Amino acid sequence: MGNIQQPGKCHSAPLFHPESLKLAMPLDEATERTVQWNRDTVRSLLSQRHSNGRLMVIIGPCSIHDPDAALDYASRLAEAAKQHHRELFIVMRVYVEKPRTTVGWKGLIHDPDHAQTVGQSSPDLNKGVLASRQVMLNVAKKGLPIATELLHPLLAQFFDDIVSIGVIGARTTESQTHREMSSDMPMPMGFKNGTDGGLKVAIDAMTAASRSHTIVGVDNEGRLGYHLSRGNPDTFMILRGGSQGPNFGSEHIQNAEMELLRAGKTPSIVVDCSHGNSMKDYRNQPNVAACLADQIVAGAPITGVMIESNINQGRQDVPNNGDNQCLKYGVSITDGCVGWHETELILNRLAVAVRERQAGPAMVESILTMVTANNIENEKHQVKVHTSDITVSV
Ligand SMILES: O=C[C@H](O)[C@H](O)COP(=O)(O)O
Ligand SMILES: C=C(OP(=O)(O)O)C(=O)O
């Protein structure tokens with residue numbers, strides 16, 4: 001850990017400085033280039049340029065609690081990403097901070113040993129920050145782009161060089177501080193709709209994040225300071241359902257597209273198969289994904305999907321006795337997730353849908369080429385080309 005001193009465990013302790021930690025645990029040059037490339041790919045998919053109809057899939061555990069299991073998951077996902085690279089741009093959820101409705105385990109950064117959950121000794125944030133950055137470095141080295149929820153603006157500084165997509169959750173989309181932070185981030189940022197299902201907070205957040213703001217933070221010497229953010233033009237909306245019900249149906253997606261256009265935004269929409277859209281039951285996620293696949297075939301403006309997935313399905317509580325050895329391997333300790341087998345089925349289904357979407361224009365193009373080659377444009381008869389989502393008269 002270079003020259004970083006590990007502060008002792010107590011209820012009040014100094015935390016590593018983000019810049020020192022980045023120096024001690026740097027990105028190698030190849031990974032740094034890959035991160036830039038991944039961010040550019042996300043920007044391109046969001047602006048619907050050069051995307052070749054690829055679908056962004058933000059997928060992975062609800063939260064990371066076991067770094068070994070997270071890497072096992074990442075290895076599987078990296079294989080799947082290779083297999084489906086023509087259709088899907090797969091981004092791994094590496095969520096190390098969890099927003100809670102009231103209280104609960106707040107993620108690997110805050111409590112890597114799940115100490116607080118079981119009322120034991122105080123959690124060790126320095127250990128959590130180290131473990132979280134290490135997981136992210138290892139996942140990034142596999143070539144996988146990383147998505148994470150940025151919850152605490154100061155903690156975001158530990159990962160802002162490595163994350164390809166930042167997400168602001170439903171509980172914080174309306175927060176001015178989170179909008180300011182988003183305006184300062186070097187990666188595209190997604191905003192969830194509010195917990196009540198309202199889209200306006202997410203659209204307002206996109207507008208706010210696109211502007212320059214005064215940012216109060218800590219400088220490289222650890223002093224309180226401020227600077228002006230540049231404003232972030234790369235933002236998108238995530239439909240996650242809410243207390244009024246799910247919002248993944250075609251009418252919801254059309255409505256979101258209309259609202260975004262009305263606000264002068266590019267309609268970049270990612271749909272979360274979990275949370276309010278699964279009614280917090282992971283077993284509903286495959287059905288939500290199947291509905292989205294059908295809409296993709298039909299040409300719906302869906303830029304991406306989000307899925308909560310893990311090695312094994314379901315969820316578990318942290319054992320009361322604090323014995324982490326009792327935890328089942330690869331099972332979420334926050335929201336329930338689909339298991340790996342189901343994950344593969346969902347990815348296959350989405351890839352097939354995207355192939356159909358991609359085949360549409362390509363098929364038309366090849367027929368047009370054929371028509372031109374045979375020099376029959378002026379012939380009277382009409383050829384009707386039907387694809388899943390378009391009808392073209394030549
Ligand atoms: O994604 C995880 C949860 O939905 C989120 O952290 C809120 O969880 P809670 O309502 O159990 O606190
Ligand atoms: C907490 C999450 O989502 P939301 O903000 O939609 O509840 C999440 O995606 O982990």
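The following refers to the structure shown. Just so it is clear, the structure is predicted and the values come from calculations on it, not from any experiment. (Residues numbered from 1 in each chain as written. Chains lettered and ligands numbered in written order. Predicted model: local features only at pLDDT ≥ 70, side-chain atom pairs only at ≥ 80, totals over all residues.)

1. Things to note about the pairing of strand β10 (residues 304–308)
With five of five residues buried, β10 is to be regarded as a mostly interior element. Where strand β1 (residues 55–60) meets β10, five bridges bridge the pair, whose relative direction is parallel. In the sheet register, Gly-60 faces β10, and the bridge partner there is Glu-308. Pairing of strand β9 (residues 269–272) with β10, which is carried by three bridges, proceeds in the parallel orientation. Its bridge partner lying in β10, Val-271 is registered against Val-305. Handedness of the β-α-β unit built from β9, helix α8 (residues 285–297) and β10 comes out right-handed. (Buried ≥ 20, exposed ≤ 12 C-beta atoms within 10 Å, placed from the backbone. Helix = DSSP H or I, 4+ residues; strand = E, 2+ residues; numbered from the N terminus. Pairing = 2+ DSSP bridges. Right-handed = clockwise from strand over helix to strand, strands pointing away.)

2. Topic: the site of ligand 2
In the neighbourhood of ligand 2, the contacting residues comprise Cys-62, Tyr-95, Pro-99, Glu-149, Gly-169, Ala-170, Arg-171, Lys-192, Arg-240 and His-275. Grouping the amino acids of the shell around ligand 2 by side-chain chemistry returns four nonpolar, two polar and four charged. (Near = placed C-beta within 6 Å. Nonpolar A, V, L, I, M, F, W, Y, C, P; charged D, E, K, R; others polar.)

3. Some details on the site of ligand 1
Taken together, the neighbourhood of ligand 1 is formed by Cys-62, Lys-98, Pro-99, Arg-100, Thr-101, Gly-104, His-275, Thr-334 and Asp-335. Along the lines of polarity and charge, the residues of the shell around ligand 1 split into two nonpolar, four polar and three charged.

4. Looking at the nonpolar core
A general tendency of soluble globular proteins is for nonpolar side chains to be buried together. Val-57, Val-91, Met-92, Ile-146, Met-237, Val-305 and Leu-350 are the most contacted members of the largest nonpolar core, which totals 94 residues. For this core, the element with the highest residue contribution is helix α4 (residues 125–141), accounting for eight residues. The residues touching Met-92, leaving out its near neighbours within four places in the chain, are Ile-59, Gly-60, Ala-74, Leu-77, Val-139, Leu-144, Ile-146 and Ala-147. (Core = buried A, V, L, I, M, F, W, Y, C linked by C-beta atoms within 7 Å. Contact = placed C-beta atoms within 7 Å.)

Geometry only, nothing functional implied.
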